[in-house]
Amino acid sequence: MAAGVRDGREQGGSVVAGIREAILSGEFVPNQRLVEADLSEQFAASRASVRAALLELANEGLIERVQNRGARVRAVSLEEAIEISEVRMVIEGLCAAKAAERVTAEEEAELREIGESMRTAVRSGDVLGYSRLNERLHARIRALSGQRTAADFLERLRAQNVRHQFKLAMHPGRPQVSLPQHLAIIDAICAHDPKAAERAARDHLRSVIEALPEVDRTRPHGRVH
């Protein structure tokens, strides 16, 4: 492969990652216009690389092209957020079951440690810390499952649904509701019980689906972390 082509692909990949992270972190918000010239300057990339990155992110469902108006961050409706969570319920159940089949003693200890940190965060009222631990736990279960296809798909769904997830995480009393659900998932995985792990993961996502309509009526404060 020619050096120029390789460099172009590497630059394009870094632009995709940069824009995706800006959406996930809340730097770029729903319906915000994404101007190629501005992105080219921000990420020190060519206009062609930016254009290719926007096309890839549109295919992921993170941005949308508007005729004669360029690109903007796609806003996900409540109805779509619920649909995404319903799909997550099935796939995360699968990942939890597979993790229960594969988990090692060392990995069990890691999951238990995350669970204890989540308990501490809830006791101390550290909502943002709990939210980060929540994300870490789900990511770790995806990795332990060995289901790369499922993990990649879940990451795309998470990115599309990040604003709704953040509002849910910040909703008063939500950590107290979700903590026992997360601990039940950890217990089942560490017990090497795939059926119980899948059931616990599905119960957790079912709770998310039930909470979304109420949470959607509130507004989050600050950026997504």
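The preceding data block contains the structure.
Parameters at a glance
Residues numbered from 1 in each chain as written. Predicted model: local features only at pLDDT ≥ 70, side-chain atom pairs only at ≥ 80, totals over all residues. Heavy atoms only, no water. Helix = DSSP H or I, 4+ residues; strand = E, 2+ residues; numbered from the N terminus. Rg over C-alpha atoms; globule rule 2.2 N^0.38 Å. Pairing = 2+ DSSP bridges. Contact = heavy atoms within 4.5 Å. Axes fitted to C-alpha atoms, helices over the stretch in contact; angles between N-to-C directions. Disulfide = S-S within 2.5 Å. Buried < 20%, exposed > 50% of the residue type's maximum accessible area, 1.4 Å probe, protein only.

### Topic: the overall build of the protein
Here's step 1: Per the secondary structure count, the protein includes 10 helices and 3 strands.
Here's step 2: Secondary structure elements of the protein, listed N to C terminal, follow the sequence α-β-α-α-β-β-α-α-α-α-α-α-α.
Here's step 3: The globule rule puts the C-alpha radius of gyration for 225 residues at 17 Å, and the 19 Å found for the protein is close to it.
Here's step 4: Counting only C-alpha atoms, the protein reaches 50 × 45 × 30 Å along its principal axes.

### Description of the sheet that holds strand β1 (residues 33-34)
Here's step 1: One open sheet holds the 3 strands; their spatial order is β1-β3-β2, and the pairing between them is antiparallel. The outermost strands of the open sheet, each flanked by one partner alone, are β1 and β2 (63-66).
Here's step 2: With 4 bridges connecting them, β2 and strand β3 (residues 70-73) associate as antiparallel partners. If you follow V66 over to β3, its bridge partner there is G70.
Here's step 3: Helix α3 (residues 47-60) contacts β1, β2 and β3 of the sheet and is inclined by roughly 110° relative to β2.

### A short note on the state of the cysteines
Here's step 1: Considering all chains together, one arrives at 0 disulfides under this definition.
Here's step 2: This cysteine, C95, is not joined by any disulfide, and C190 carries the nearest cysteine sulfur, 16 Å off.
Here's step 3: The class for C190 is buried, based on a relative accessible area of 9%.

Function cannot be read off these values alone, since they describe shape.
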